[in-house]
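# Geometric and topological summary
Each chain, written out:
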Amino acid sequence: MHCRRLSMPTVASRVRIMDKLFICAFWLAAAFFYAAVVQASSSGCSSCPLTYAPVVDADTGLPFYNDCVAKCQLGAGANLVPAGSRRGGNTAAAGRSASASSQPDFLKLVPAPTATNVGGEVKAETIQRFSSEGYFYVGRPGFIDKPPVDVMSAPSGDVKNATNSAAEARAKNNNGNQGGASDGPTVTLRMFYPEGDLYMKVWKQTELRALVQKHTGPKSETANLSRATVPQATGNDSTTLPARRLLGSAIYGSDDRREVTNLVYPYTAISRTSTGCTGAMVGATGRLVLTAAQCVYNNGVNPSAPVGFYSNILITPGLYRGGISNYGTHPVGLLQVHTTWSSQRLWEGNIAVIQLAYHYKACGSLGYAYTCGSSGYSLYTAGYPADKSLYTMWVQSAAVTTDVCSGSAEKVFPFDAADGQVGSPFWTTSDYMTRFVLSRGICCSGNGAVAITPTYFSMINDFTSNYILTTPTYILVGGPSRNQFVRCDTSSWVCTGTTSRTSATRFYGYPIAAQNKAAFRVPGTSLCLSLRSTTSIGNVNLYSCDTTSFNFYTNELWNIGLYNNVPVLLTDNGGFMWWGGSGVQMKTSSSCSSSTAGSCTWKVETP
């Protein structure tokens, strides 16, 4: 990593420090904040090669890239068989017991590695990253390229006669309350960007019921995560994007779509994905995007591309009027494809959540919600239809009466759709709550949208709670000898220097906006490391902070980078984190140089 060396500012130019401070963007956004801190597996492995020699656990049907990856998680005595020895080609593994032979072919969900990702090794901490939640590490397939084809293509039908009741009559009763099929397992895939590590979880029905109860019950601690937020700023970053290929459309009767020419909320939250779809910023954290699964992952429904996750996914909120990008373009960090889209290839599972590489709240967000029982919805939806002018946003109204907690999770009702709109949110006009995600057109005698069911609602909240509210823990390490730490007392809220690494020196780290600054919170509290001063000099202590909607004050944000070739932590108003000694109150200073590096050198590391 190479960072530009900066000159020492004068006091008069202190307010311009932030403009000069160079921060290596992906050091913070893609590497530092996505490190996982876990112990090696019980089998004792420290690393495994990423050689692609796939094996299957004969007892469960779970797939792994090779023998080492499997045994690192299942133990040395795992009953593994080569993938090629499975009887029938796509069903049971050779040697599997009778009870296990009925297991689905999970290996079909695992893409072969791309040429650029063959070889290398994976560390035990990466393998165990999500093990506490029941996810197992499959391998590192890398990514596939998004082909220029119509993602909405499906068997045609009589779109003019589309009704929700007709669609439900044709659909199997797939336990819509679970958001998945009752005749097969529910599977979740997670892809970690930019490395390309793939994780899988096969849910038990008891786990799904417990998940719904946890996040939808009267004592749910995550209810506020789903609320909408208004924009924090008016976008002023204009970027013109390249042209895209125009594709077909599925219009219900006359075309009722209208172009969005005035970018106001909630259209600021409507986002275009680099895969040619629409998504939406949702929830209170400014880091969550909701879209269709087919926009990020090909499960075989698109025969022109291999199975796998698409590469280089970027999110552009508030794109309108032919390519004006008012709120910039943002990389992703973690992506999750829900349930039946990955395992059963059912359209009712065509929904995905994306974690941005950092919190970005300038554009605002929609909420998301569900209502069980037959309900009438007055809706709006907006997106980027390919049958209209390039990179223009179009909105339309729709209405439907349905029960999202019964029948198929995919509901069919009259609305206009075209390629590019896939993944668009349908929100209720009264509260800006997303109720459906546009799934496909020209299908099942109408156009389809996946409902936010209790299970989908719970999975989104669980994802937010575990990977946005909660982060890996970090330690602020200071001094040339790396023996200076920040210790905070949660009773007195006072932070002092210490030379010992303890649990009191650990923080959650939240990357904030494209400037790659961060807020640091003490785990298990709502207390953040802060300089509560209007000047650059003051005491650094704990203060109550907003860790639900992530609206941080500027003196709660710390910039991480090099200054005068010294690694520093710097507040927005020019205060350098300063070491005064073990047991001494932590403070900030208005200056930092090579001569004072012993006091102002700080790095952020994993324990």
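So, how was this worked out
- Residues numbered from 1 in each chain as written.
- Predicted model: local features only at pLDDT ≥ 70, side-chain atom pairs only at ≥ 80, totals over all residues.
- Heavy atoms only, no water.
- Pairing = 2+ DSSP bridges.
- Helix = DSSP H or I, 4+ residues; strand = E, 2+ residues; numbered from the N terminus.
- Salt bridge = Lys/Arg side-chain N within 4 Å of Asp/Glu carboxyl O.
- Buried < 20%, exposed > 50% of the residue type's maximum accessible area, 1.4 Å probe, protein only.
- pLDDT = per-residue confidence, 0-100.
- Contact = heavy atoms within 4.5 Å.
- Arc of directions from axis to C-beta.
- Polar contact = N/O pair within 3.5 Å; in protein donor to acceptor, adjacent residues only side chain to side chain.
- Disulfide = S-S within 2.5 Å.
- Core = buried A, V, L, I, M, F, W, Y, C linked by side-chain atoms within 4.5 Å.
- Phe/Tyr/Trp six-rings, centres within 6.5 Å; stacked < 30°, edge-to-face > 60°.
- Lys NZ or Arg CZ within 6 Å of the ring centre and 35° of its normal.

The protein appears in an unreviewed UniProt entry as Peptidase S1 domain-containing protein from Volvox africanus.

### Considering the sheet that holds strand β4 (residues 80-82)
Ordered in space as β3-β2-β4, the three strands form an open sheet in which the pairing is antiparallel. The open sheet terminates on both sides in strands that have one partner only, identified here as β3 (63-64) and β4. Sheet topology note: the strand β2 (residues 55-57)/β3 ladder contains two bridges and is antiparallel. Bridging across to β3, V56 finds its partner in P63.

### A short note on the pattern of salt bridges
Summed over the entire model, instances satisfying the criterion amount to 14 salt bridges. In this structure, the salt-bridge partner of E121 is K123, at a minimum N-O distance of 3.0 Å. The class of K123 is partly exposed, set by a relative accessible area of 40%. A salt bridge links K214 to D462, with the nearest nitrogen and oxygen atoms 3.9 Å apart. A residue pair is termed long-range when its members are at least 10 positions apart, and K214 in helix α6 (residues 205-216) and D462 in helix α8 (residues 454-469) qualify at 248 residues. Classification of D462 as buried rests on a relative accessible area of 10%. Three or more residues are tied together by salt bridges with common partners; here these are R129, R140 and D197.

### Considering the confidence of the model for the protein
When pLDDT is averaged along the protein, the result is 79, and 76% of the positions lie at 70 or above. For residues 86-102, every residue scores under 50 in pLDDT, and the model assigns this stretch 30 contacts once sequence neighbours within four places are set aside. Here residues 235-249 is modelled with pLDDT under 50, and outside its nearest four sequence neighbours on either side it reaches 45 contacts, counting other chains as well.

### A few points about helix α3 (residues 67-74)
Buried within α3 are the following residues: V69, A70 and C72. Projection of α3 onto a plane perpendicular to its axis shows the buried side chains occupying an angular sector of 160°, all on one side. Between the side-chain oxygen at the start of α3 and the backbone nitrogen of C68 there is a gap of 3.1 Å, and the oxygen is on N66. Downstream of α3 by a residue or two, G75 has a phi angle that is positive, lying close to 100°.

### Describing the pairing of strand β30 (residues 484-488)
Burial of β30 is extensive: four of the five residues sit out of reach of the surface. Pairing of strand β29 (residues 473-478) with β30 involves two bridges; the strand directions are antiparallel. Within the sheet, the bridge partner assigned to G478 lies in β30 and is Q484. Connecting the antiparallel pair β29 and β30 is a turn made up of five residues, with G479 showing a positive phi of about 85°.

### A closer look at the state of the cysteines
All told, the structure shown has seven disulfides when counted by the stated rule. Put simply, C45 and C72 are joined by a disulfide, and their sulfur atoms are 1.7 Å apart. With C45 in the loop between α2 (25-31) and β1 (47-49) and C72 in helix α3, this residue pair connects regions lying 27 residues apart in the sequence. Residue classification places C45 among the buried residues on the basis of a relative accessible area of 13%. With a relative accessible area of 2%, C72 lands in the buried category.

### Brief notes about the nonpolar core
One recurring pattern in soluble globular proteins is that nonpolar side chains are buried together. Membership of the largest hydrophobic core comes to 110 residues, with the highest contact counts inside it found for M200, F309, M393 and F552. Here this core gets eight residues from one element, more than from any other, and that element is α8. In contact with M200, other than residues within four places in its own chain, are P63, F106, L109, V110, G134, Y135, F136, V138, V187, T188 and L189. By size, the runner-up hydrophobic cluster in this structure holds 21 residues, among which are V486, L542, W558 and M586.

### Side note on the packing of aromatic side chains
With the rule as written, the count across this model stands at 24 aromatic pairs. Centre to centre, the rings of Y267 and W427 are 6.2 Å apart; their planes meet at 65°, and the pair counts as edge-to-face. Residue Y267 is located in the loop between β10 (258-259) and β11 (270-273), and its partner W427 is located in strand β26 (residues 425-428); the two are separated by 160 residues in the primary sequence. For the pair formed by Y267 and W427, the shared burial category is buried. Between Y377 and F436, the aromatic rings sit 5.6 Å apart at their centres with planes inclined by 85°, giving edge-to-face as the arrangement. In this pair, Y377 sits in strand β22 (residues 375-383) while F436 sits in strand β27 (residues 433-443), placing the two residues 59 residues apart along the sequence. The residues Y377 and F436 share a single accessibility class, namely buried. Through pairs of rings, three or more aromatic residues link up here, namely F130, Y135, Y137, Y199, F463 and Y467. The ring centre of F130 lies 5.0 Å from the NZ or CZ of R190, which sits over that ring.

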